[in-house]
Amino acid sequence: MLAQTRIALKPLRIGDIVIDAPLTLAPMAGHTNFALRSLCRELGGCGLVCTELISSNIVKNSRRRAVQRFDWRASERPVAVQLFGVEPQIVAEAARVVVDHGADIVDINMGCWVPKIAKKGAGAALLRDVRAATAVVEAVVKAVDAPVTVKVRSGFEDGVVTAVPFAVAAEAVGAQAVAVHARFAGQGHSGAADWEVIAAVKDAVRHMPIIGNGDVHSGEDARRMLDQTGCDAVMLGRAALGRPWLFRQVATYLATGISLREPSRAERARIALRHAQLTLETTHLPEHVAVRELRGQISKYKLDAPGSAKVRNRLVRIEFYAELESILGSVANETQ
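Residues numbered from 1 in each chain as written. Predicted model: local features only at pLDDT ≥ 70, side-chain atom pairs only at ≥ 80, totals over all residues. Heavy atoms only, no water.

Caption draft 1: Here's a closer look at the overall build of the protein chain. Tallying secondary structure elements over the protein chain gives 15 helices and eleven strands in all. Taken over the C-alpha atoms alone, the protein chain extends approximately 55 × 55 × 35 Å along its principal axes. Total accessible area on the protein chain stands at roughly 15,000 Å², and carbon and sulfur atoms take up 50% of it. Within the protein chain, one finds 42 positive and 35 negative side-chain charges whose respective centroids are separated by 3 Å. (Helix = DSSP H or I, 4+ residues; strand = E, 2+ residues; numbered from the N terminus. Areas by Shrake-Rupley, 256 points an atom, 1.4 Å probe, with all protein chains shown as cover. Lys, Arg positive; Asp, Glu negative; His and termini not counted. Charge placed at Lys NZ, Arg CZ, Asp CG, Glu CD.)

Encoded structure:
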């Protein structure tokens, strides 16, 4: 039975960059900072990480402030940096800046459905006009030597699949990969992802690798996505929040057919503490602001005993790192 479960994982090639493990971390606003990206890498199985989305306009108008907030480091290479914007030349100039500061890959956001982004015509709203979206890609490709990738939704309007014609056009102007979140913008994160859209995009392009995204929570899910869509890599997003070890579990399952157990509460507490330590060591934010952001991130580790919410109720009220360290240390000691 194990032999039937194994998949020979081929490296993902994006331009001249070879990524041995074809499992990637999705860019997620408010989550994919240096701490989470590094933790996913440390725990194994994650081949490529991507930053949170960065406004091209902010890079253009306040370059010094933007650069001060760039949080990627050489230790996590290869790293993709995600930009969003509408004007081709502004996005292209922002791409030059992030490449000058060490980005290995420039990823263009055409998947964000959040109203404050979409109402400006950016994110998934770009998919309303394939020609305009392609113009952004072409401008960035011409501006930088680094590979350019795009993350898209199935389409902006429900039922109107623009991911397919866009991927074809993007490949024609030099894009090196497209990641497809198989939901429409209006769905947000609701409903089931339609993996047939990923398969259709894969069938439509000539050589460009396609990365599948949506509803992968386990090694079994990843295997089904690879089998059903023919995609070249799998992107994990929300499923990895509070579970940065998921990449190792998926990689192990795909390679061996073995399903690794979930970490114990004590192990989860230690990983969550590492997450918090990495955050405080590298953030540009004041401690109390960083800790408030950590409230929701650490709560996703599910550190309570079954039927209890005691730990979570304490975590959502913390103000300082010392409080967080005390709570997590207590959980680790209680469950050993």
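Caption draft 2: Local environment of the pairing of strand β7 (residues 105-110). The element β7 is extensively covered by neighbouring structure, given that six of its six residues are classed as buried. The alternating pattern of β7 places I105, D107 and N109 on one face and V106, I108 and M110 on the opposite face, and all of these are buried. Note that strand β6 (residues 79-84) and β7 share four bridges and pair parallel. Within β7, the position partnered with A80 by the bridge is I105. A crossover links β6 with its parallel partner β7, the connecting element being helix α5 (residues 88-100), and its sense is right-handed. Sheet analysis places β7 next to strand β8 (residues 148-155), joined by five bridges and oriented parallel. Following the sheet pairing, N109 is matched in β8 by K151. (Buried < 20%, exposed > 50% of the residue type's maximum accessible area, 1.4 Å probe, protein only. Pairing = 2+ DSSP bridges. Right-handed = clockwise from strand over helix to strand, strands pointing away.)

Caption draft 3: View of the side chain of T32. Mapped onto the elements, T32 comes out in the loop between β3 (23-25) and α2 (34-43). A polar side-chain atom of T32 sits 2.9 Å from the main-chain amide nitrogen of M28. T32 has contacts with L25, A26, P27, R37, C50, T51 and E52, leaving out every residue within four places of it along the chain. (Polar contact = N/O pair within 3.5 Å; in protein donor to acceptor, adjacent residues only side chain to side chain. Contact = heavy atoms within 4.5 Å.)

Caption draft 4: Highlighting the nonpolar core. Of all hydrophobic cores here, the largest spans 68 residues; its most connected members are M110, V152, F166 and V234. The contacts of M110, once residues within four sequence positions are left out, are G123, A124, L126, L127, A133, V136, V137, V150, K151, V152, R153 and F166. Counting 22 residues, the second-largest nonpolar core is a separate cluster that includes L43, V291, L303 and L315. (Core = buried A, V, L, I, M, F, W, Y, C linked by side-chain atoms within 4.5 Å.)

Caption draft 5: Seen up close, the packing of helix α9 (residues 195-204) against helix α10 (residues 219-229). The N-to-C vectors of α9 and α10 enclose an angle of 45 degrees; their axes lie 9 Å apart at closest approach. Classed by the angle they form, the pair α9 and α10 counts as oblique. Judged by the sense of rotation from one axis to the other, the crossing of α9 with α10 is right-handed. Residues W195, I198, A199 and K202 of α9 touch α10, and the partners they reach there are D221, R224, M225, Q228 and T229. (Axes fitted to C-alpha atoms, helices over the stretch in contact; angles between N-to-C directions. Parallel < 35°, antiparallel > 145°, perpendicular 65-115°, else oblique. Left-handed = near helix turned anticlockwise from the far one by under 90°.)

Caption draft 6: The arrangement of helix α12 (residues 265-282) in detail. Between its first and last C-alpha, α12 extends 26 Å over 18 residues, near the 26 Å set by a 1.5 Å rise per residue. Along α12, the residues that are buried comprise R265, A266, R268, A269, I271, A272, L273, H275, A276, L278 and T279. Along its buried surface, α12 packs onto α2, α13 (287-299) and α15 (321-334). (Expected span 1.5 Å × (residues − 1).)

Caption draft 7: Broad picture of the environment of V178. Secondary-structure assignment places V178 in strand β9 (residues 177-184). With 24 residues separating them in the primary sequence, V178 and K202 have C-alpha atoms 9.5 Å apart. Setting aside residues up to four positions removed in sequence, V178 forms contacts with V150, V152, M208, P209, I210 and I211.

Caption draft 8: α5, seen in detail. The terminal C-alpha atoms of α5, which comprises 13 residues, lie 18 Å apart, in line with the 18 Å expected from a rise of 1.5 Å per residue. Within α5, burial applies to V91, A92, A94, A95, V97 and V98.

Caption draft 9: Fine view of the packing of aromatic side chains. By the definition in use, this model includes two aromatic pairs. Note on F70 and W72: the rings are 4.4 Å apart at their centroids and 25 degrees apart in plane angle, and the pair reads as stacked. For F70, a relative accessible area of 15% gives the class buried. Arranged with centres 6.1 Å apart and planes meeting at 55 degrees, the rings of W245 and Y301 form a pair that is tilted. One end of the pair, W245, is in the loop between β11 (233-236) and α11 (246-256); the other, Y301, is in the loop between α13 and α14 (310-315), with 56 residues separating them in the sequence. (Phe/Tyr/Trp six-rings, centres within 6.5 Å; stacked < 30°, edge-to-face > 60°.)

Caption draft 10: Seen up close, the packing of α12 against α15. Relative to each other, α12 and α15 sit at 160 degrees, their axes nearing to 7 Å. Judged on the interaxial angle alone, α15 and α12 are roughly antiparallel. Like other packed secondary-structure pairs, α12 and α15 cross with a definite hand, here left-handed. Of α15, the residues touching α12 (which contributes R265, A266, A269, R270, A272, L273, A276, Q277 and L280) are Y321, L324, E325, L328, V331, A332 and E334. Broken down by class, the residue content of the contact of α12 with α15 amounts to eleven nonpolar, one polar and four charged. (Nonpolar A, V, L, I, M, F, W, Y, C, P; charged D, E, K, R; others polar.)

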